[in-house]
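# Examination of the molecular architecture
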There are 2 protein chains.
Amino acid sequence: MVGLPARGKTYISTKIRRYLTWLGIKTQVFNVGVYRQRLSGLNKPHTFFDANNSDAMHQRKEAAEAALNDMFQWFEKDKGSVAIYDATNGTRERRAWLHKELSARDIKVLFIESLCDDENVILANIRDVKLSSPDYEGMNPDDATKDFMERIEHYKEFYETLTEDEYTYIKLVDVGKQYIINKVHGYLESKIVYYLMNLHVRPKRIWFSRHGESQFNLEDKIGGDADISPRGEMYADALPGLIEKHLGDRPLTVWTSSMKRTIQTARHLQYPKKHWKALDELNTGVCDGMTYKEIEEKYPEDFARRDEDKFNYRYRGGESYRDLVLRLEPVIMELERHENILIIAHQATIRCMYAYFMNLEHDELPYARIPLHTVIELVPRAYGCEEKLYKVDIEAVDTYRPKVPPRPTNQLTEHEASRIGASGEIADNSIPVLPL
Amino acid sequence: MVGLPARGKTYISTKIRRYLTWLGIKTQVFNVGVYRQRLSGLNKPHTFFDANNSDAMHQRKEAAEAALNDMFQWFEKDKGSVAIYDATNGTRERRAWLHKELSARDIKVLFIESLCDDENVILANIRDVKLSSPDYEGMNPDDATKDFMERIEHYKEFYETLTEDEYTYIKLVDVGKQYIINKVHGYLESKIVYYLMNLHVRPKRIWFSRHGESQFNLEDKIGGDADISPRGEMYADALPGLIEKHLGDRPLTVWTSSMKRTIQTARHLQYPKKHWKALDELNTGVCDGMTYKEIEEKYPEDFARRDEDKFNYRYRGGESYRDLVLRLEPVIMELERHENILIIAHQATIRCMYAYFMNLEHDELPYARIPLHTVIELVPRAYGCEEKLYKVDIEAVDTYRPKVPPRPTNQLTEHEASRIGASGEIADNSIPVLPL
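Each residue is numbered by its place in its chain's sequence as written, counting from 1. Lettering for chains starts from A, numbering for ligands starts from 1, and both go in the order in which the items are written. pLDDT decides what is reported in this predicted model: residues at 70 or higher carry local features, side-chain atom pairs at 80 or more are listed and counted, and totals for whole chains, interfaces and linings draw on all residues regardless. The side-chain numbers reported here are obtained from all heavy atoms of the structure, hydrogens and water having been left aside.

Under an unreviewed UniProt entry, the name given to chain A is fructose-2,6-bisphosphate 2-phosphatase, and the source organism is Circinella minor. The UniProt entry for chain A carries the following comment under Sequence similarities (unreviewed entry): "In the C-terminal section; belongs to the phosphoglycerate mutase family." UniProt positions are given in the numbering used here, feature names are shortened, and annotations may be inferred rather than shown by experiment.

Below, the structure written as structure tokens:
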């Protein structure tokens, strides 16, 4: 990363890490600021960042080296693929040093510079992110902002924007206004660059809903292209009211899969609609139309293998969750580009998209709870998403099949623990129920 | 388009048109040079392009306007989606005029500038493309080159590179070295920009082969994940020799689908391999494992509908050719980025990729002949691909199912006529047979 403080470097690093990790590419962020806090302590005033403060300069270089060394270790021992070195790297000299150190170890370098002169964007960034940093704990917000602005001034004195055309780089100018892309040829580099070009920072909401209960749900069958049940129809009737209530006067687009049950669920919604084949349910191949019980009887080995590694298990003639993630990548890219979207899809496809936004690991992803007759609202924030569940009060069968053997309650992942109450139900306090 | 002559504007226009048309987006190129030739005649010497030649300047503006008016007609009457206005557009004034005229009609404008100062690239472009222009028919190549260089000089005198940051644009610097992307936000604009960033002009070859004959082929069944037959094994044995012979010492990567029959066919090839799920055969849903005869009996209506519009026909619970094109888009993008690739896949997936490179219409695509035990070699040239077929002398069943009712021989498309002899077989002269 390259850029003055409060230019969104850490935001960009986090987004890239989440995107690549979701795709199955091992990615880690090495934030030099964290190393500096660890080595030199917190609550440093802006004078610590003055280039004339030679003692501090020495400590800061030490932090930069410590982060770099950990990064080398991670590449070697943990077999990492993409490391993001999150620091200002604001001089040609510093970048030349980095480029030399990295190239010597056969690590390809992509510089990502974030340039921004819009005072409002910078102030918003300081307010949203920097004031909650441990550096400013307990300080009055106005004083903290003033100190941070002074800190930026120290960096500005020596800051040199990227002009080294021998390097591979992307320069992001004024949050999406302009991009300058230099010598980008590799596969991963191109992927990262394209992803960055699709990000925007306008506020948005994403709603996910499974189709209303289907005839196949009632019969405990998987796959197929069944109609929705009478209770599913009731859910379809209730959906416009629920969405209107929480949407306000924002514009909205509705995406469904190409399957009958999602199109039927969306039919009373009066918004522009798009049907994506990519949102179709996980293809269960030869097991299409069977019950779990039938699968267990007919393919007992497969059934056991699926529980062992559900993310990678591919149905005979069908797909795995890993296949789904790749199929959904263009949908995620479009989701990033858009503002308010309601997606009506299926258990497995919603799990994959939900995992992207909530940063779930691949082993958690296939077990995420996406209940029927419930709308999940996600509001992206600086470093994650806020989640709300709106459960519509229309009964539906429970299609959730827990891991076998189940994970003991005291080994729930952090994310599961935050969503699931002791009874195994989603905690009530997170469900603003819509009375009908 | 924006750029001096011989900067690849027409090449870029043609590529974009082919790519978008393949995706199903109606696209047309309006080349002002062609209008100028039509209005003012051919064989104009470079003095015609001198800005002091006011009479000629008048005629050239007239050509620009005629092309623009046809473009407006096309948007309105033919309901086109993307028009490419292929001309120099080398001054701020000309671009302001265009931008005003287009915006007034609610047409969004994306400027694509190709900048290049590499004398060798420019000379190569003149030699490969310009000398065969009707403007230079019958002229000695050296004189023609000299005249064309003079023509460029006239344009250079007034050329202004894009700096109007209020416009949406992409600037391509030195054939892929650098890209400057300004205010690109729309869906189609982003798609075009990403596509342009993946193009390169290094020479390359693409080889397509279907898997060796499979057990299902022998039984006339579609779909499934069958093994290859004994004759399929013989083809797999013969493949390394054939490839080696035509590859020479170029590097190669082999891509297969995730299905057994393509992986088995590739197994004796000693090159890096990648297995793409996206290359899997068209999913035939409920018809998987059936013969065409069984389908006709069980789903007679579907069977007839498929013949009516094979590109859009989607198998129940399965895919259409249109779905396949979308699924294959990332593969095409990777093919554009790579140099030499051998793809071992399936009839339908190869048809889609073949159609992209050979510029087939959607109604021709599902009927393209991709015979078993044959390697198709494509060599991309400036405005199309050269094709060669290498038929391996190992018998295989013929899985080709012609259109019903068949297209009369005198109504063959231009492409079909070029490939298919009167007997309905692929013409012998295009098949360098490898003796075994």
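### Considering the sheet that holds strand 5 (residues 178-182) of chain B
If you trace the six strands from one edge of the open sheet to the other, you get 3(A)-4(A)-5(A)-5(B)-4(B)-3(B), paired in mixed fashion. Both outer strands of the open sheet, strand 3 (111-115) of chain A together with strand 3 (111-115) of chain B, are each paired with one neighbouring strand and no more. When the angles between neighbouring strand axes are averaged without regard to direction, this sheet yields 10°. For two strands to be treated as a pair, DSSP must find at least two bridges joining them. Each helix is a run of H or I in the DSSP string that is no shorter than four residues. Each strand is a run of E no shorter than two, and both are numbered from the N terminus. Looking at chain direction, strand 4 (residues 169-173) of chain B and strand 5 of chain B are connected through five bridges and run antiparallel. Considered in strand 5 of chain B, the bridge of isoleucine 170 of chain B is made with isoleucine 181 of chain B. Along the sheet, helix 7 (residues 187-198) of chain A makes contact with strand 3, strand 4 (169-173) and strand 5 (178-182) of chain A together with strand 5 of chain B, crossing strand 5 of chain A at roughly 175°. In this analysis, two residues are considered to be in contact whenever any of their non-hydrogen atoms come within 4.5 Å of each other. To get an axis, fit a line to the C-alpha atoms, keeping to the stretch in contact for a helix; angles then go from 0 to 180 degrees between the N-to-C directions. Running over the sheet, helix 7 (residues 187-198) of chain B touches strand 5 of chain A together with strand 3, strand 4 and strand 5 of chain B and is turned about 175° from strand 5 of chain B.

### Overview of the UniProt feature "active site" (unreviewed entry) in chain A
Residue and element names in this part refer to chain A. The UniProt record marks His211 and Glu281 with the feature "active site" (unreviewed entry), using the residue numbering of this structure. Spanning 71 residues, the named residues form one tight spatial group whose C-alpha atoms are at most 10.8 Å apart. Taken from the residues named earlier, the lining of the largest cavity is made up of His211 and Glu281. When sequence neighbours within four positions are dropped, the list of residues in contact with histidine 211 reads Asn217, Arg261, Thr262, Thr265, Ile344, Ala345, His346 and Leu372. Here a polar contact is recorded for every N or O atom pair within 3.5 Å, except that within protein the pair must consist of a potential hydrogen donor and a potential acceptor, and residues adjacent in sequence are included only if both atoms are side-chain atoms. Within the structure, the side chain of histidine 211 is placed 3.4 Å from the side chain of arginine 261, a separation counted as a polar contact. Within the secondary structure, glutamate 281 sits in the loop between strand 8 (273-276) and helix 11 (292-298). A 1.4 Å probe that fits into a set of points on a 1 Å grid over the protein atoms alone but cannot get out defines a cavity; an open set with protein on both sides within 12 Å along at least five of seven lines defines a pocket, and lining residues are those with an atom within 4 Å of a point.

### Structural notes on the sheet that holds strand 11 (residues 384-391) of chain A
Residue and element names in this part refer to chain A. Taking strand neighbours across the sheet as the criterion, the six strands line up as 8-7-9-6-10-11 in an open arrangement whose pairing is mixed. The strands lining the two open edges of the sheet, one partner per strand, are strand 8 and strand 11. Neighbour to neighbour, the strand axes of the sheet diverge by 20° on average, direction disregarded. Sheet topology places strand 7 (residues 253-257) next to strand 9 (residues 341-345); four bridges connect them, and they run parallel. Its bridge partner being in strand 9, tryptophan 255 is matched across the sheet by isoleucine 343. Packed onto the sheet, helix 9 (residues 230-247) meets strand 6 (206-210), strand 9, strand 10 (374-381) and strand 11 and runs at close to 25° relative to strand 10.

### A few points about a negative patch on the surface
Each patch is assembled from residues with relative accessible area greater than 30% and no salt bridge, linking like charges that lie within 9 Å and nonpolar side chains (Val, Leu, Ile, Met, Phe, Trp, Tyr) that lie within 5 Å. Residue burial considers only the protein chains on display, and all accessible areas are found by Shrake-Rupley using a 1.4 Å probe. For this document, the term salt bridge refers to a Lys or Arg side-chain nitrogen within 4 Å of an Asp or Glu carboxyl oxygen. Think of it this way: Lys and Arg go in the positive column, Asp and Glu in the negative one, and His and the chain ends go nowhere. By convention, the point assigned to a charge is CZ for Arg, NZ for Lys, CD for Glu and CG for Asp. Together, Asp117, Asp118, Glu119 and Asp174 of chain A line one region of the surface with negative charge. Here aspartate 118 of chain A lies in the loop between strand 3 and helix 5 (119-128).

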